[in-house]
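Breakdown of the fold
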Amino acid sequence: MTHALKTPDGARKSEKALYGGTSSRRITVRDIAAAKGRGEKWPMLTAYDAMTASVFDEAGIPVLLVGDSMGNCHLGYESTVPVTMDEVTLLSAAVVRGTKRALVIGDLPFGSYQEGAVQALRNATRLVKEAGVGAVKLEGGERSAHQIELLVQAGIPVMAHIGLTPQSVNAYGGYPVQGRGEEAAAQLLRDAKAVQDAGAFAVVLELVPAELAAEVTRTLHIPTVGIGAGAECDAQVLVWTDMAGMTAGRLPRFVKQYAQLREALGDAAKSFADDVVGGAYPAEEHSFH
């Protein structure tokens, strides 16, 4: 018999729940598939270092994506395009070391799989062997189906990514909503079915009209992960620096901030500086004799 537990809001959840469950082993893609069958919604965040990843892991976040969003919010690039395999491998390994339960997914950056399935397999294998990730993610629907199929056949779980694919920013000329209009919606549905048929265990829907994302979610038997794709997706993902209020400047409409860490960290730095300049730090209790 499956036991249940009380969550802070009083609801009862299965011990098998991705978020709020009691199992301490690593979450796998089989758990992700089972959650779809239960109708369970679940959260995903990005992470790029061991310490932040450990915080999210301890908070119960079941899936962490070492996204190529590291280019914008961690490495100082203007887009995700310059991110390299070396950078993704290094940071993915750090996130794996900082976690015990979360499924860690490593992003395949621009230029690491577009040449074809063999290139994709070589780079995905590197993330699995050197970084220890439990799955990889790559962008593209029908155009990436062959790469997904070969990776899955080789035993590497793949999360697909359709809708707005940020690695194509130069082709898009920005970050427009995808799937508006009958033809674009039909293509997005074809992309979703193509990645499912190729063996992807889940698919990210980015910047997709909510009604279309809901239709995709109803149509597929694999989970959908929304980011700017409405409330009907099976899961939701945010870039952690956006979620926690670390990102400066204008944020996308779909972002909800759950803290103001940029302000808090700035205040802490100023307090430290004031103490140093004023002679209050280090005090006697911080000194050795």
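Look up: the structure comes first, before these words.
1. What about the overall build of the protein?
Along its length, the protein carries 11 helices and 10 strands. Along the first, second and third principal axes, the C-alpha atoms of the protein reach 70 × 50 × 40 Å. Counting over 289 residues, the protein shows a buried share of 48%. The contacts of the protein with a sequence gap of at least 6 include a subset with a gap of at least 24, amounting to 56%. Accessible area of the protein: about 14700 Å², with a carbon and sulfur share of 55%. For the protein, the centre of its 27 positive side-chain charges and the centre of its 33 negative side-chain charges are spaced 7 Å apart.

2. Examining the sheet that holds strand E9 (residues 224-227)
Ordered in space as E3-E4-E5-E6-E7-E8-E9-E10, the 8 strands form a closed barrel in which the pairing is parallel. When strand polarity is set aside, the average angle formed by the axes of neighbouring strands in this sheet is 25°. Where strand E6 (residues 135-139) meets strand E7 (residues 158-163), 4 bridges bridge the pair, whose relative direction is parallel. Bridge pairing links Leu138 to Ala160 in E7.

3. A closer look at the layout of surface pockets
The computed volume of the largest pocket comes to approximately 1500 Å³. In terms of lining, the largest pocket is formed by 49 residues, of which the most central are Glu206, Ile227, Asp242, Pro252 and Phe254. Taken together, the elements giving at least two residues each to the lining of the largest pocket come down to strand E3 (42-46), helix H3 (70-73), E6, strand E8 (202-206), E9, strand E10 (235-238) and helix H10 (240-243). Top element by residues in the lining of the largest pocket is E3. It accounts for 5 residues. Counted by class, the lining of the largest pocket contains 27 nonpolar, 11 polar and 11 charged residues.

4. Some thoughts on a nonpolar patch on the surface
On the surface, a cluster of nonpolar side chains totalling about 290 Å² of accessible area is made up of Phe272, Val276 and Tyr281. Checked against the element boundaries, Phe272 lands in helix H11 (residues 261-278).

5. What to know about the pairing of E6
Of all 5 residues in E6, 5 are buried, a share of seventy percent or more. Residues Ala135, Lys137 and Glu139 of E6 are buried on one face, and the alternating residues Val136 and Leu138, pointing to the opposite face, are buried as well. The pairing of strand E5 (residues 103-107) with E6 spans 3 bridges and is classified as parallel. The residue bridging Ile105 from the neighbouring strand is Ala135, located in E6. At this point the chain moves from E5, through helix H5 (residues 117-131), to the parallel E6, and the crossover so formed is right-handed. For the crossover that starts at E6, traverses helix H6 (residues 145-153) and ends in the parallel E7, the hand is right-handed.

6. Some remarks on helix H9 (residues 210-219)
Within H9 the residues assigned to the buried category are Leu212, Ala213, Ala214, Val216 and Thr217. Looking at the packing, one finds that the buried side of H9 touches helix H1 (29-38), helix H8 (182-198), E8 and E9.

7. Considering the packing of H8 against H9
Their axes nearest at 10 Å, the elements H8 and H9 cross at an angle of 30°. In this view, H8 runs roughly parallel relative to H9, as classed from their interaxial angle. Relative to H9, the crossing made by H8 is right-handed. Facing H8, whose interface residues are Ala185, Leu188, Leu189, Ala192 and Lys193, H9 presents Leu212, Glu215, Val216 and Thr219. For the contact of H8 with H9, the per-class residue count stands at 6 nonpolar, 1 polar and 2 charged.

8. With respect to the environment of Ala186
Examined against the element boundaries, Ala186 turns out to sit in helix H8. Sequence separation between Ala186 and Leu212 is 26 residues; the distance between their C-alpha atoms is 9.5 Å.

9. Things to note about helix H2 (residues 50-58)
Three or more residues of H2 are buried, namely Thr52, Ala53, Ser54, Phe56 and Asp57. Looking at the packing, one finds that the buried side of H2 touches E3, strand E4 (63-66), helix H4 (85-97) and H10. Two or three places before Met51, at the start of H2, stands the capping residue Asp49, its side-chain oxygen 3.1 Å from that residue's backbone nitrogen. Immediately beyond the C-terminal end of H2, within one or two residues, lies Gly60, with a positive phi of roughly 95°.

10. With respect to the pairing of E10
Examined bridge by bridge, E3 and E10 share 4 bridges and lie parallel to one another. Bridge assignment links Met44 to a residue of E10, and that residue is Val237. Note: E9 against E10, 2 bridges, orientation parallel. The residue bridging Gly226 from the neighbouring strand is Gln236, located in E10.

Cut-offs and rules
- Residues numbered from 1 in each chain as written.
- Predicted model: local features only at pLDDT ≥ 70, side-chain atom pairs only at ≥ 80, totals over all residues.
- Heavy atoms only, no water.
- Helix = DSSP H or I, 4+ residues; strand = E, 2+ residues; numbered from the N terminus.
- Buried < 20%, exposed > 50% of the residue type's maximum accessible area, 1.4 Å probe, protein only.
- Contact = heavy atoms within 4.5 Å.
- Areas by Shrake-Rupley, 256 points an atom, 1.4 Å probe, with all protein chains shown as cover.
- Lys, Arg positive; Asp, Glu negative; His and termini not counted.
- Charge placed at Lys NZ, Arg CZ, Asp CG, Glu CD.
- Pairing = 2+ DSSP bridges.
- Axes fitted to C-alpha atoms, helices over the stretch in contact; angles between N-to-C directions.
- 1 Å grid on protein atoms, 1.4 Å probe; cavity = no way out; pocket = protein on both sides within 12 Å on 5 of 7 lines; lining within 4 Å.
- Points joined across faces, edges and corners; volume = space filled by probe spheres on them.
- Nonpolar A, V, L, I, M, F, W, Y, C, P; charged D, E, K, R; others polar.
- Patch = residues over 30% accessible without salt bridge, like charges linked within 9 Å, V, L, I, M, F, W, Y side chains within 5 Å.
- Salt bridge = Lys/Arg side-chain N within 4 Å of Asp/Glu carboxyl O.
- Right-handed = clockwise from strand over helix to strand, strands pointing away.
- Parallel < 35°, antiparallel > 145°, perpendicular 65-115°, else oblique.
- Left-handed = near helix turned anticlockwise from the far one by under 90°.
- Polar contact = N/O pair within 3.5 Å; in protein donor to acceptor, adjacent residues only side chain to side chain.

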